[in-house]
Amino acid sequence: RTTMSAIANSAVLVRLSIGVWGASKRNKQLEHEVAANKKASPKAMRMYDNLMVGSTGHSDIQKYAAGARLWHNTMTLPWDERGYRLCPTSLFLDYKSQHNLKEAGFDKLVDTFRVKYFSYRETAEEYRGEMFNALDYPPVDEVMGKFYWDFESIPVPKSGHFCVDLPAQEMEELKLSCDRSVERKITEASKENEKRILKELQGISAKCTDTGDEESDDNKRWHDTFVSNPLNLCRMLKHMNLTDDPKVEEARQRLEDIMVGKTKEMFKDSPTVRKTVKEEVDSIINSYDW
């Protein structure tokens, strides 16, 4: 069994929070106009104006932020409701290096948005027509305050690190409470590994299920990520399996053995490859109590 102390020494807690200006405003006047035209109550709808319509500067930031959040979740395991996630120390240097690049990319997009804000507003005016209202647009400094990228990393808590003046019995109870809380979170975080590999296996099985209609099966779209994604997951799980769960490690090795050396063309061109891989991944799925 992996001890709490071992986990504390093999992982850190990270928290990433990214904020993006909403660039939308509820249009109550339009709600009433549409409701009256449709003989409906304005309460039956919510209508929002896209303040940045006509340009991609704002949507580019939104997409970038969404991608960064997804990357962050992929590189970490869930920890608590405050947004902290568990990152193995063996991955942390890679995580931090990628994080710094992503933060720089975000800052560049935001700075471009700051420079072009008034230009974007002029473009939106052309699109919004009579709905345009200059008062809908805050001053640029106020808008820029809505964009943020906050990152924090802290050690996994250890009960032995308490420095408070309590009687011995109360101190021991406090340590035990901390230990139980951390161990529970470690167990819950480790379950994420099972979910990730099971989802990958099920996706491969579904994709490799032929319908029997040769034309339909031959016209399936195959991408390089069909092979690279499971292999990347297998690489990540080497780091993420902090509790040394034998089921996760065995399933990881079996999946890696199946996908190593494969290409999307092999799946696209060979019903035999699809059938064999489906049988192999189904065998992994059926081997364990997930």
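Look up a bit, the structure's there.
How each quantity is defined
- Residues numbered from 1 in each chain as written.
- Predicted model: local features only at pLDDT ≥ 70, side-chain atom pairs only at ≥ 80, totals over all residues.
- Heavy atoms only, no water.
- 1 Å grid on protein atoms, 1.4 Å probe; cavity = no way out; pocket = protein on both sides within 12 Å on 5 of 7 lines; lining within 4 Å.
- Points joined across faces, edges and corners; volume = space filled by probe spheres on them.
- Helix = DSSP H or I, 4+ residues; strand = E, 2+ residues; numbered from the N terminus.
- Nonpolar A, V, L, I, M, F, W, Y, C, P; charged D, E, K, R; others polar.
- Phe/Tyr/Trp six-rings, centres within 6.5 Å; stacked < 30°, edge-to-face > 60°.
- Buried < 20%, exposed > 50% of the residue type's maximum accessible area, 1.4 Å probe, protein only.
- Lys NZ or Arg CZ within 6 Å of the ring centre and 35° of its normal.
- Pairing = 2+ DSSP bridges.
- Patch = residues over 30% accessible without salt bridge, like charges linked within 9 Å, V, L, I, M, F, W, Y side chains within 5 Å.
- Areas by Shrake-Rupley, 256 points an atom, 1.4 Å probe, with all protein chains shown as cover.
- Salt bridge = Lys/Arg side-chain N within 4 Å of Asp/Glu carboxyl O.
- Lys, Arg positive; Asp, Glu negative; His and termini not counted.
- Charge placed at Lys NZ, Arg CZ, Asp CG, Glu CD.
- Axes fitted to C-alpha atoms, helices over the stretch in contact; angles between N-to-C directions.
- Parallel < 35°, antiparallel > 145°, perpendicular 65-115°, else oblique.
- Contact = heavy atoms within 4.5 Å.
- Core = buried A, V, L, I, M, F, W, Y, C linked by side-chain atoms within 4.5 Å.
- Expected span 1.5 Å × (residues − 1).
- Arc of directions from axis to C-beta.

**Student:** What am I meant to see in the layout of surface pockets here?
**Tutor:** Over the atoms, a rolling probe the size of a water molecule traces out where space has been left empty. Each pocket or cavity is described by its volume, and for the largest pocket that value is around 600 Å³. Lining the largest pocket are 20 residues, and of these Thr 74, Arg 196, Glu 200, Asn 229 and Leu 233 sit closest to its centre. If you list the elements that add at least two residues to the lining of the largest pocket, you get helix H3 (57-74), helix H6 (168-207) and helix H8 (225-240). Take the lining of the largest pocket: its biggest share by element is eight residues, from H8. Here the residues of the lining of the largest pocket sort into eight nonpolar, six polar and six charged. Quantified by volume, the second largest pocket comes out at close to 220 Å³. Taken together, Lys 25, Arg 26, Asn 27, Gln 29, Leu 30, Glu 33, Asp 49, Glu 130, Met 131, Asn 133 and Asp 136 make up the lining of the second largest pocket. Examining the composition of the lining of the second largest pocket, we find that three residues originate from one element, helix H2 (residues 28-37), more than from any other. Residue composition of the lining of the second largest pocket, by class: two nonpolar, three polar and six charged.

**Student:** Help me out: how do you make sense of the packing of aromatic side chains in this one?
**Tutor:** Working definition: an aromatic ring pair is given by the centre-to-centre distance plus the angle between the planes. According to the stated counting rule, one finds 15 aromatic pairs in the structure shown. Consider the rings of Phe 106 and Trp 149, whose centres lie 5.3 Å apart with planes at 50°: the pair is tilted. Of this pair, Phe 106 sits in helix H4 (residues 89-128) while Trp 149 sits in strand S6 (residues 148-155); the two residues are 43 residues apart in sequence, bridging distant segments of the chain. The buried category is assigned to Phe 106, whose relative accessible area is 2%. Of the residues examined, Trp 149 reaches a relative accessible area of 8% and is grouped as buried. Ring centres of Tyr 117 and Phe 118 lie 5.4 Å apart, and the angle between their planes is 65°; on these two criteria the pair is classed as edge-to-face. Accessibility expressed as a relative area gives 0% for Tyr 117, which makes it buried. Connected via pairs of aromatic rings, a cluster forms that spans Trp 21, Phe 113, Tyr 117, Phe 118, Tyr 120 and Phe 147. Its guanidinium or amino end placed over the ring of Trp 222, Lys 207 lies 4.8 Å from that ring's centre, counting from NZ or CZ.

**Student:** Explain the pairing of strand S5 (residues 85-88) to me, please; I cannot follow it from the model alone.
**Tutor:** Two faces belong to every sheet, and in a regular strand the side chains alternate between them. By the alternation rule, side chains of S5 split into Arg 85 and Cys 87 and Leu 86 and Pro 88, which are all buried. Pairing analysis gives two bridges linking strand S4 (residues 77-78) to S5, with the strands arranged antiparallel. Pairing of Pro 78 across the sheet is with Arg 85, part of S5. Taking the residues that link successive antiparallel strands as the turn, the S4-S5 hairpin has six residues, and the phi of Gly 83 there is positive, at about 100°.

**Student:** What exactly am I supposed to notice about a negative patch on the surface here?
**Tutor:** Among the surface-exposed residues, Asp 213, Glu 214, Glu 215, Asp 218, Glu 265 and Asp 269 lie close enough to one another that they form a single negatively charged patch. Every element with two or more residues in the negative patch is listed here: helix H7 (214-218) and helix H10 (264-269). The biggest single contributor to the negative patch is H7, with three residues. Locating Asp 218 in the fold gives a position in helix H7.

**Student:** Help me understand the packing of H4 against H8, please; the structure alone is not making it clear to me.
**Tutor:** If you want to describe how two helices pack, look at the angle between their axes and the distance between the axes. H8 packs onto H4 with a crossing angle of 125° between their chain directions and a minimal axis gap of 8 Å. With respect to each other, H4 and H8 are oriented oblique. Contacts between H4 and H8 involve Ser 90, Leu 91 and Asp 94 from the first element and Arg 235, Met 236, His 239 and Met 240 from the second. For the contact of H4 with H8, the per-class residue count stands at three nonpolar, two polar and two charged.

**Student:** Would you mind going over the sheet that holds strand S1 (residues 11-19) with me for this structure?
**Tutor:** Sheets are built from strands paired through backbone hydrogen bonds, the pairs being either parallel or antiparallel. Strands sit in the order S4-S5-S1-S6 across an open sheet of four strands; the sheet is antiparallel. Of all strands in the sheet, those bounded by a partner on one side alone are S4 and S6. In the packing of H4 onto the sheet, contacts are made with S1, S5 and S6, and the angle to S6 comes to roughly 165°.

**Student:** What is the right way to look at the nonpolar core in this model?
**Tutor:** In a soluble, globular protein the nonpolar side chains are often hidden away together inside. In terms of nonpolar packing, the biggest core is built from 66 residues, with Trp 21, Leu 86, Phe 113 and Phe 267 touching the most fellow members. Considering each element in turn, this core owes the most residues, nine residues, to H4. Once residues within four sequence positions are removed from consideration, Trp 21 is found in contact with Leu 51, Met 52, His 58, Phe 113, Tyr 117, Pro 138, Val 143, Lys 146 and Phe 147.

**Student:** Honestly, helix H11 (residues 271-287) in this entry has me stumped. Any pointers?
**Tutor:** Helical geometry: 3.6 residues make up each α-helical turn, so side chains three or four residues apart lie on a common side. Spanning 17 residues, H11 covers 24 Å between terminal C-alpha atoms, matching the ideal 24 Å at 1.5 Å per step. Residues Val 273, Arg 274, Val 277, Val 281, Ile 284 and Ile 285 constitute the buried set of H11. Taken down its axis, H11 places every buried residue within 100° of arc, on the same side. Among the exposed residues of H11, those pointing more than 90 degrees away from its buried face are Thr 272, Lys 275 and Asn 286.

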